[in-house]
Each structure stands twice: as C-alpha cells, then as structure tokens.
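For reference, the chains in residue letters:
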Amino acid sequence: MYFEIGIVNFDTNSATMTVQENYSLKKFNTFGIDAYSRYFATFNTVEQLKELLSDNKLGQTERLILGGGSNILFTKNFDGITLKNNLKGIEIVKEDTNHYYIKAAAGEVWHEFVMHCVNNNYAGLENLSLIPGCVGASPMQNIGAYGVEIKDSFFELEALHIADKTIQTFNNADCKFGYRESVFKRELKNQFIILSVTYRLNKTANFNTSYGAIEKELETMGIKELNIQAISKAVCNIRSSKLPNPAEIGNAGSFFKNPEVSRHKYESLKVSFPTIVGYELENGNVKLAAGWLIEQCGWKGKTLGDAGVHKLQALVLVNYANAKGKEIYDLSQQIMDSVKEKYGVELEREVNIL
Ligand code: FAD
Ligand code: EPU
C-alpha cells in the first residue's frame, strides 16, 4: 500500500482509491454550496475506509463522513478529509414468522432501498419514501415523515469506531432515538462511522395512514384496496407537490425542527394567536408547526440575495442560485430571532452546520 497527497492512487487489496486535494463539494451537497474540502476520497469497502483512517498524513486531519449531503450546510471550506461513503449491498440476513431482517450497506441510496422493500412487500418503510440521502445517515437523526420514524422498524446497525477501528453493533435502545435525534448526534458525535443498518420489516403490513394528507391522496388516486405500494406512491405524490426538488432548487428539507413547548405555553400562545398549529405529544407537551410560526412572521417566499425561504413551505430554506452557506445561515438566524421575538419560542436547526 502506498499513498501520497495530490491526485494520487491509493492502492488497496480491493481497488484503487484516489485522494483529491482542494476539492469542490458543490455536487455533493443538496444546497449546492460551492465549499471546498482540503482532501476528498470515496471508499467502496471497509478495508479502504480503515486504510484512509490509518494513513499518517490524513489521520491527523478532521473527518467528515458524507452520504448524500442532504442534511448539511457548509458555511465555510472544510479543512480536513471528506470521506464519501460508497458501501453497497442489500441482503436478507434473517427471517422469522412475522419479519424479514434486511441489512443495507450505508452507501445505498435511501429511496432505492425503500423501493426495494416496497416492491418485495417488506412492510414498514413505505411512509419514508422519497427522503433524500443514504441508508447510513438514516439513524443519525432517526429520519421521519408521514407518521413514521425509522426507530419503528430499526433492528441494529454496525459502525466503525474511528479511534480503535473496531466494528461495534448498536441495537435500537443503544441508539437513543428521539425526534430527529440519536446518540450519534450527541454523546457519540464524530466517533463512529455507520457501515450498515438492519431493518426488521413486516411480512404483514400495518398500514399507517394517520397523516391526513395520505388518506386524501389515496382517495384522489382511486385506491380501493390498501397496499404498501399505494402508500409509497401517495407519499411520493404529496412530497413532490410540497417540497422543492434539490436537483432544481438547492435545499436540505426542513431547516428547523418543530419546537416542543409546554401545554401551558401553548395555551397562552393560543389566546393571542388562535390559529396557531400544534400537535399534542404523549408527554403532555405540544409540538408547534415551525412552518406556521415562520410564515406568520412574514418569511414565506422571501429572498435575501440568492438565499430564500421556499414559497410553498416556510420550513425549507433554499439556494436559488449561488448563495453562500453563510448567507443561508444568516437568514436562518434572522428567522430564529423573529420567531423568538414574536412568540417567545426558540427554534433549533435540524440541518448539520459545518
Ligand atoms: P448527509 O447530509 O450526507 O449527512 C448528514 C449527517 O450525518 C452529517 O453529519 C454526516 O457527517 C453524518 N453521516 C452521514 N453518513 C454517515 C455515516 N455512514 N456514518 C456516520 N455519520 C454519517 N429528513 C427527514 O427526517 N424527514 C424528511 O421528510 C426529510 N425530507 C427531506 C426533503 C428534502 C428535499 C431534503 C433535501 C432533505 C430531507 N430530509 C428529511 C433530510 C435528509 O434527507 C435526511 O436527514 C437524510 O437522512 C440525510 O442523509 P444523507 O446521506 O444525505 O446525509
Ligand atoms: N405550515 C404552515 N406554513 C408553512 C408550512 C407549514 O402554516 O409554510 C403548517 C401547516 O399548518 C401544516 C403544518 O405546518 O399543516 C405541518 O406542515 P407539514 O405537514 O408540511 O409538515 P412539517 O411540520 O412542515 C414535517 C417534517 C418533514 C416531514 C413532514 C411530513 C420536521 C422538522 N419536518 O414537516 O421532514 O417530511 O413533516 O411528515 O419535523 C425534514 O426533516 O427535512 C422534513 C422535510
């Protein structure tokens, strides 16, 4: 094995890798921000990844593990090595009376994985159709949509411990999943690289159409007999009508989380703002629709240079052309300040800021 910085081959047993220097990440983040990474390499095998991590020169620099780049905002160049995950493979690893256990490598595209499951009647992920990104990032923030989160069918994952290069297994409880949260975003941040995720999917579907818009869309589609293919299609239709396609307008989905407030706070807000949108949680608190708060502050459809707030979904910040990451970040700060001033509610960014 040999290795030199520049545009150089990095020989491993399995393939030849190239480490690029001063590399544009524009095509690797859905905001389309033209930030540069000091070094950049794609890994196709765990062996290649371990070798990149062990290299003397690269070993000291900061690392960024990149999937589809659909939940990242680059506010500056990255002075380290970006490791683009290209681990591939999907297999059934186990089966019992009611379930298939499907293991997918972290570099698999999430939506393609979901479609593989939907087409084979492995039920549980159909509501999560069309979420951008890769399988490896799905546990990072416990991705969720249309009444379902991955924690509902997550079985386990394998991850490489960066410091000692051991591969460790995390079960559902180990991951400490919450709303757009996991242990990998908190206590174990930057310590593990997720290699594969195993989902436990149902042989008999438990249809989840609790999100009102799904029922309505199924009706429009003329579906008489419910099945997971129809639910997946309905979710894709709704998403395409509401969310900007990153291939056309740069964005990273919801920029903020929906904030949780006490019932008391919600009741007092409701007195002053009777149309405020909130959903009751099991713990007694109320989750407010951040999109509503932002729209009511007058931000929907606003632009500041090339940065803006989407005209159909105020929770989505967009790059209309050549916005800098810093401009989008500054816009997000202005939004947070105005929501705080009008409603006394703190918004928290969902997107990872670099
Ligand atoms: P990246 O953006 O590449 O990475 C995200 C974070 O995870 C980074 O910190 C990165 O370092 C880390 N990471 C990535 N892979 C690994 C790995 N293998 N090991 C360790 N760390 C890793 N999210 C939802 O939850 N629900 C939605 O409905 C939703 N809708 C969206 C709609 C649009 C149009 C867009 C653009 C985004 C949306 N998102 C949604 C956000 C995003 O799609 C998800 O967060 C997705 O899981 C990110 O995957 P990714 O591979 O692009 O991650
Ligand atoms: N709303 C407005 N104005 C807006 C947007 C929303 O008033 O501009 C209000 C509406 O009343 C609407 C409510 O907010 O009924 C909720 O809106 P929507 O159903 O579009 O969902 P959301 O809360 O904006 C969340 C997730 C999405 C996920 C959808 C569907 C978060 C932060 N966002 O959006 O996830 O796809 O629900 O389940 O939880 C993401 O995380 O990137 C993401 C897109």
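Residues numbered from 1 in each chain as written. Chains lettered and ligands numbered in written order. Predicted model: local features only at pLDDT ≥ 70, side-chain atom pairs only at ≥ 80, totals over all residues. Heavy atoms only, no water.

1. A few points about the overall build of the chain
- A tally of helices and strands in the chain yields 8 helices and 21 strands.
- At 21 Å, the chain has a C-alpha radius of gyration in line with the 20 Å of a compact globule built from 354 residues.
- By principal-axis analysis of the C-alpha atoms, the chain measures approximately 65 × 55 × 35 Å.
- Across the 354 residues that make up the chain, the buried fraction comes to 48%.
- Looking at the chain alone, contacts between residues at least 24 apart form 58% of all its contacts between residues at least 6 apart.
- Taken as a whole, the chain presents about 16800 Å² of accessible surface, with 47% of it coming from carbon and sulfur.
- Each charge sign in the chain was given a centre, from 38 positive and 41 negative side chains, and these centres are 4 Å apart. (Helix = DSSP H or I, 4+ residues; strand = E, 2+ residues; numbered from the N terminus. Rg over C-alpha atoms; globule rule 2.2 N^0.38 Å. Buried < 20%, exposed > 50% of the residue type's maximum accessible area, 1.4 Å probe, protein only. Contact = heavy atoms within 4.5 Å. Areas by Shrake-Rupley, 256 points an atom, 1.4 Å probe, with all protein chains shown as cover. Lys, Arg positive; Asp, Glu negative; His and termini not counted. Charge placed at Lys NZ, Arg CZ, Asp CG, Glu CD.)

2. Quick notes on the confidence of the model for the chain
- Chain-level statistics for the chain give a pLDDT mean of 94 and a share of 95% at 70 or above.
- Under a pLDDT of 50 for its full length, residues 1–14 has, in the predicted model, 43 contacts with residues more than four places off or in other chains. (pLDDT = per-residue confidence, 0-100.)

3. Looking at the state of the cysteines
- This structure, assessed with the given rule, holds 0 disulfides.
- Note on C175: no disulfide assigned, nearest cysteine sulfur contributed by C134 at a separation of 18 Å.
- As a non-bridged cysteine, C236 has C117 as the owner of its nearest cysteine sulfur, 14 Å distant.
- When its relative accessible area of 14% is taken as the criterion, C236 is described as buried. (Disulfide = S-S within 2.5 Å.)

4. Structural notes on the domain arrangement of the chain
- Split into domains, the chain comes out as domain 1 (7–85), domain 2 (90–242) and domain 3 (250–353).
- Listed as interface residues are 8 residues of domain 2 and, on the opposing side, 9 residues of domain 3.
- For the pair domain 2 and domain 3, the summed buried area comes to about 680 Å², and 37% of that belongs to carbon and sulfur atoms.
- The largest contributions to the domain 2 side of the interface with domain 3 come from Y179, K185 and K242, which together make up 61% of the buried area.
- Counting the contacts that link domain 2 with domain 3 gives 2 salt bridges.
- A salt bridge links E181 to K257, with the nearest nitrogen and oxygen atoms 2.7 Å apart.
- Summed over the shared surface of domain 2 and domain 3, the number is 4 residue pairs in polar contact (both at pLDDT 80 or more). (Domains from an automatic or database assignment. Buried area = accessible area lost by both parts, 1.4 Å probe. Salt bridge = Lys/Arg side-chain N within 4 Å of Asp/Glu carboxyl O. Polar contact = N/O pair within 3.5 Å; in protein donor to acceptor, adjacent residues only side chain to side chain.)

5. Brief notes about the site of ligand 1
- Residues in contact with ligand 1 amount to 33 residues; listed here are only the nearest, I65, G68, S70, G144 and R239.
- A distance of 2.9 Å separates an oxygen atom of ligand 1 from a polar backbone atom of P132.
- A distance of 2.8 Å separates an oxygen atom of ligand 1 from a polar backbone atom of C134.
- For ligand 1, whose free accessible area comes to 980 Å², the fraction covered by protein is 93%.
- Secondary-structure elements contributing two or more residues to the shell around ligand 1 are strand 4 (62–66), strand 9 (144–145), strand 13 (192–202) and strand 14 (250–254). (Near = heavy atom within 4 Å.)

6. Considering the sheet that holds strand 17 (residues 286–288)
- Overall, antiparallel pairing links the 3 strands, which are arranged 15-17-16 in an open sheet. Sheet topology places strand 15 (260–261) and strand 16 (278–280) at the edges, where each strand pairs with a single neighbour.
- Here 2 bridges tie strand 15 to strand 17, and the two strands are oriented antiparallel to one another. Across the sheet, the residue bridging to E260 is K287, located in strand 17.
- Helix 6 (residues 263–272) rests against strand 15, strand 16 and strand 17 of the sheet, and its axis sits at about 50° to strand 17. (Pairing = 2+ DSSP bridges. Axes fitted to C-alpha atoms, helices over the stretch in contact; angles between N-to-C directions.)

7. Concerning the nonpolar core
- Judged by nonpolar contacts, the single largest core of 42 residues is most densely connected at L288, L293, I294, I328, I335 and L347.
- When contributions to this core are tallied by element, the ones reaching two or more residues are strand 4, strand 5 (72–73), helix 6, strand 17, helix 7 (290–296), strand 19 (307–309) and helix 8 (325–343).
- Looking at which element gives the most residues to this core, the answer is helix 8, with 6 residues.
- The residues contacting I328, other than those within four sequence positions of it, are F31, I33, L73, F255, A307, L317, V318, N319 and A323.
- Within the second largest apolar cluster, 41 residues are counted, among which are A104, Y146, A159 and A234. (Core = buried A, V, L, I, M, F, W, Y, C linked by side-chain atoms within 4.5 Å.)

8. Considering unusual backbone geometry
- The backbone of N22 shows a phi angle near 50°, a positive value even though the residue is not glycine.
- Looking at where N22 falls in the secondary structure, it is placed in strand 2 (residues 16–24).
- Despite not being glycine, R180 has its phi angle at roughly 55°, a positive value.
- Of note, R180 is situated in the loop between strand 12 (167–171) and strand 13.

9. Description of the site of ligand 2
- Among the 23 residues in the neighbourhood of ligand 2, the closest are listed as Y146, Y179, E295, Q313 and E350.
- Taking Y211, its side chain carries an N or O atom lying 3.2 Å from an oxygen atom of ligand 2.
- Between an oxygen atom of ligand 2 and a side-chain N or O atom of E350, the distance comes to 2.8 Å.
- Burial of ligand 2 by the protein amounts to 82% of the accessible area it has alone, namely 830 Å².
- Examining the composition of the shell around ligand 2, we find that 3 residues originate from one element, helix 7, more than from any other.

10. Remarks on the sheet that holds strand 20 (residues 316–319)
- Strand order in this open sheet of 4 strands is 14-20-19-18, and the pairing throughout is antiparallel. Strand pairing shows two members of the sheet lacking a second neighbour, strand 14 and strand 18 (303–304), which therefore form its edges.
- Note that strand 14 and strand 20 share 3 bridges and pair antiparallel. From the neighbouring strand, S254 faces strand 20, where its bridge partner is V316.
- Across the sheet, helix 8 lies against strand 18, strand 19 and strand 20, angled at about 35° from strand 19, the strand it touches most.

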